[in-house]
Each structure stands twice: as structure tokens, then as C-alpha cells.
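Observations on chain architecture
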Amino acid sequence: MPTLYLVPTPIGNLEDITLRALRILREARLIAAEDTRTTRKLLTHYEITTPLTSYHEHNKLTKLDAVLDALDVGDVALVSDAGTPGVSDPGYELVKAALDRGITVVPLPGASAAVAALVASGLPTDRFLFVGFLPRKDKALRDTLADLREERATLIAYESPNRLVDTLEAVRDVLGDRPVAVARELTKLFEEFRRGPASEVLAHYRETPPKGEITLVIGGAADEAAADQPWDEDRVREALQARLDAGDGRKDAARIVADLAGWNRRDVYNLDLQ
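Below you will find a few notes about this structure. Remember, predicted model here, so these are calculated numbers, not experimental data.

1. Some points on the pattern of salt bridges
Counted by the stated rule, this structure contains 20 salt bridges. As a salt-bridge pair, Arg127 and Glu151 come within 3.7 Å of each other at their nearest N and O atoms. Remark: Glu151 occurs in the loop between helix 6 (138–147) and strand 7 (154–159) and Arg127 occurs in the loop between helix 5 (113–120) and strand 6 (128–133); sequence separation between them is 24 residues. Taking the shortest distance from any N to any O, the salt bridge between Glu238 and Arg172 comes out at 2.7 Å. Taken together, the residues Glu238 in helix 10 (residues 233–245) and Arg172 in helix 7 (residues 164–175) connect sequence positions 66 residues apart. Of the residues examined, Arg172 reaches a relative accessible area of 14% and is grouped as buried.

2. Regarding the nonpolar core
Of all hydrophobic cores here, the largest spans 22 residues; its most connected members are Leu168 and Val180. Here this core takes 7 residues from helix 7, the largest share from any one element. The contact partners of Leu168, leaving out residues within four places of it in the chain, are Val180, Val201, Leu202, Tyr205 and Leu216.

3. Topic: the sheet that holds strand 7
Reading across from one edge, 6-7-10-8-9 is the order of the 5 strands in this open sheet, with mixed pairing throughout. Looking along the sheet, the strands with just one partner apiece sit at the ends: strand 6 and strand 9 (192–197). Each neighbouring strand pair of the sheet contributes to a mean axis angle of 15°, computed without reference to strand direction. As judged from the 6 bridges shared by strand 8 (residues 179–184) and strand 9, these two strands associate in the antiparallel manner. Paired with Ala181 across the two strands is Arg195, which belongs to strand 9. This element, helix 7, spans strand 7, strand 8 and strand 10 (214–218) of the sheet and lies at about 10° to strand 10. Packing of helix 8 (residues 198–207) onto the sheet brings it into contact with strand 8 and strand 9, and relative to strand 9 it is tilted by some 135°.

4. A word on the layout of surface pockets
In this structure, the largest pocket encloses a volume near 810 Å³. Lining the largest pocket are 35 residues, with Ile11, Asp81, Ala82, Asp89 and Glu213 positioned closest to its centre. Of all elements in the fold, only helix 2 (36–45), strand 7 and strand 10 reach the threshold of two or more residues within the lining of the largest pocket. When residues in the lining of the largest pocket are grouped by element, the largest group, 4 residues, is from helix 2. For the lining of the largest pocket, the class distribution of residues is 14 nonpolar, 11 polar and 10 charged.

5. Observations regarding helix 11 (residues 250–261)
If you check helix 11, its first and last C-alpha atoms are 16 Å apart, about what 12 residues at 1.5 Å a residue would give, namely 16 Å. Of the residues making up helix 11, those classed as buried are Ala253, Ala254, Ile256, Val257, Ala258, Leu260 and Ala261. Elements in contact with the buried residues of helix 11: helix 7, helix 10 and helix 12 (265–269). Gly262, located one to two residues past helix 11, shows a positive phi value of around 75°.

6. Thoughts on helix 8
Ala198, Val201, Leu202, His204 and Tyr205 are the residues of helix 8 that are buried. What you see down the axis of helix 8 is that its buried residues fit within an arc of 160°, all on one side. Buried positions along helix 8 lie against helix 7, strand 8 and strand 9.

7. Some remarks on the sheet that holds strand 5 (residues 104–107)
Read from one edge of the open sheet, 5 strands run 3-2-4-1-5, paired in parallel fashion. Single-partner strands in this sheet number two, and they are strand 3 (52–54) and strand 5. Here the strands of the sheet are splayed against their neighbours by 25° on average, with no regard to which way each runs. Lying over the sheet, helix 1 (residues 19–27) contacts strand 1 (3–6), strand 2 (30–33), strand 4 (76–79) and strand 5, oriented at roughly 125° with respect to strand 4.

Rules behind the numbers
- Residues numbered from 1 in each chain as written.
- Predicted model: local features only at pLDDT ≥ 70, side-chain atom pairs only at ≥ 80, totals over all residues.
- Heavy atoms only, no water.
- Salt bridge = Lys/Arg side-chain N within 4 Å of Asp/Glu carboxyl O.
- Helix = DSSP H or I, 4+ residues; strand = E, 2+ residues; numbered from the N terminus.
- Buried < 20%, exposed > 50% of the residue type's maximum accessible area, 1.4 Å probe, protein only.
- Core = buried A, V, L, I, M, F, W, Y, C linked by side-chain atoms within 4.5 Å.
- Contact = heavy atoms within 4.5 Å.
- Pairing = 2+ DSSP bridges.
- Axes fitted to C-alpha atoms, helices over the stretch in contact; angles between N-to-C directions.
- 1 Å grid on protein atoms, 1.4 Å probe; cavity = no way out; pocket = protein on both sides within 12 Å on 5 of 7 lines; lining within 4 Å.
- Points joined across faces, edges and corners; volume = space filled by probe spheres on them.
- Nonpolar A, V, L, I, M, F, W, Y, C, P; charged D, E, K, R; others polar.
- Expected span 1.5 Å × (residues − 1).
- Arc of directions from axis to C-beta.

These results come straight from atomic positions and should not be treated as a statement about function.
Next up, the structure:
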């Protein structure tokens, strides 16, 4: 019976691929790749000549039957541009369709930016929640963070360098000045970790705009004793202004900030922001 193999590829350093992954890529009848140009560079480096076909976010449904047909006659290896396929990359629909057809699906262990960032973050690793890419629009971002406010697990997200500063501002305003770690360009020449309170890391990237691939790790909700400490007035004003700037009405903004800050809702509503 042919097999669908889920093959992780390096997130930067080409040495970060397993011997088993290389064997599967050589022996498969077909490799379904998120970007054939990116994957071809990897295959050329290791002198692998297996045929390639594209399978990405924009053609994953129209290409599904073709990949399944290929599985009728031989093994197929699914790869993404970097890391483990199916983790914030195409894969779910193909895996489900293959399983529905009774096709064997075999995952290979390997590179993952989320796990690499987590274990080097200095934040708790016993319980974590991967949230993928955070929303781009400010209000949706802040609403998503508000939904995660009580989550005690360490949070992991992928982020664009162009949005990192805005995201750190939202983390500080909505979740409080939690410990965070920014992992940039993991396994590459200019790999960098920046760890500290959200406000401190935010100040750094305001002065030094980030470049490259970003993984953001955020500390989980503090214990109840720490969470019960009310915010000072400057912090409440800043959070209220941020909610208003994001498009919230004054009443909703005051309610959200009051819940976060441990303040009376009316006192927050009546703050003068001039």
C-alpha cells in the first residue's frame, strides 16, 4: 500500500534534516512541495532527483485529486518551504483525504520553528499553546489576545517582522507586561533571541526594526495573586487609548481595560486622555 509521508525540511540550516527524511525524498515516487523552487534547492544540495509537483495554499484543493491519484501508484512525500508540513502550512486537507481513502500517513520528526523557539525561550515548556499566525488587523489581534488572557500555558505564534512592534504593543496592553521571547532567523547566520518583559523587548525593536523570520513566545497568565495587583493610572490610560485607537467604543474599551486593570469600570470610562 502506498504511503503519504509528511517530511520536515530545514528552517534555515540545510544540515537540519534527518537521514530518514533524505531516504524518503529519494525513494518517493513524487514530492508535493509548497514551493518547488525552494524545495529544488534542497534536493539539488543533496543530489535528489525525485519529480516535484506544487501543492500550496492557493492550489491545495484543485491539486488534491492529482496528489491522491499519485498515491494510487506510489509513495508521495509532502514538504513545506521550511519546517513540518501541516503546521501553519498546507497539509491538513491532504492528510484527511488520504486517511478517508485508507491511505497510510506517516509523519517524520524534524525541524519546527515553534518548538525550537519554545525550548530556548526560557519560558515554561511543560504546557504550551501554538496559535499560528496572529490576526493582522489591530482590533482582531487584540480581541484574539483578550480571548487568550486567562490561558496559563506558554503561547507560541509566528509573526511578520513588519508587524512585530504592533503585536508586542498589543501583548503589553491586553495581556500585561508579561515575559516574552522573540526568536529571529532560527538556525540561520543571524539567529537572535531577545528575552524580557514585553515592554522592554518592544522598546528594543522600536529602536532596531527586526528582519527575517520571527517566532514569538509569550508567557502564560500569571497566578491569581500576581494578577490581582491593580495597574497604575499611566498604564490604564495607555491601554484605554490603545483600545479606542483600535476602533472600540468608549464603553466597551472601558469595560475591557477595567477587567484587565482591576479598576472600577466607571473610573476608567471617566479618565481624561487629553
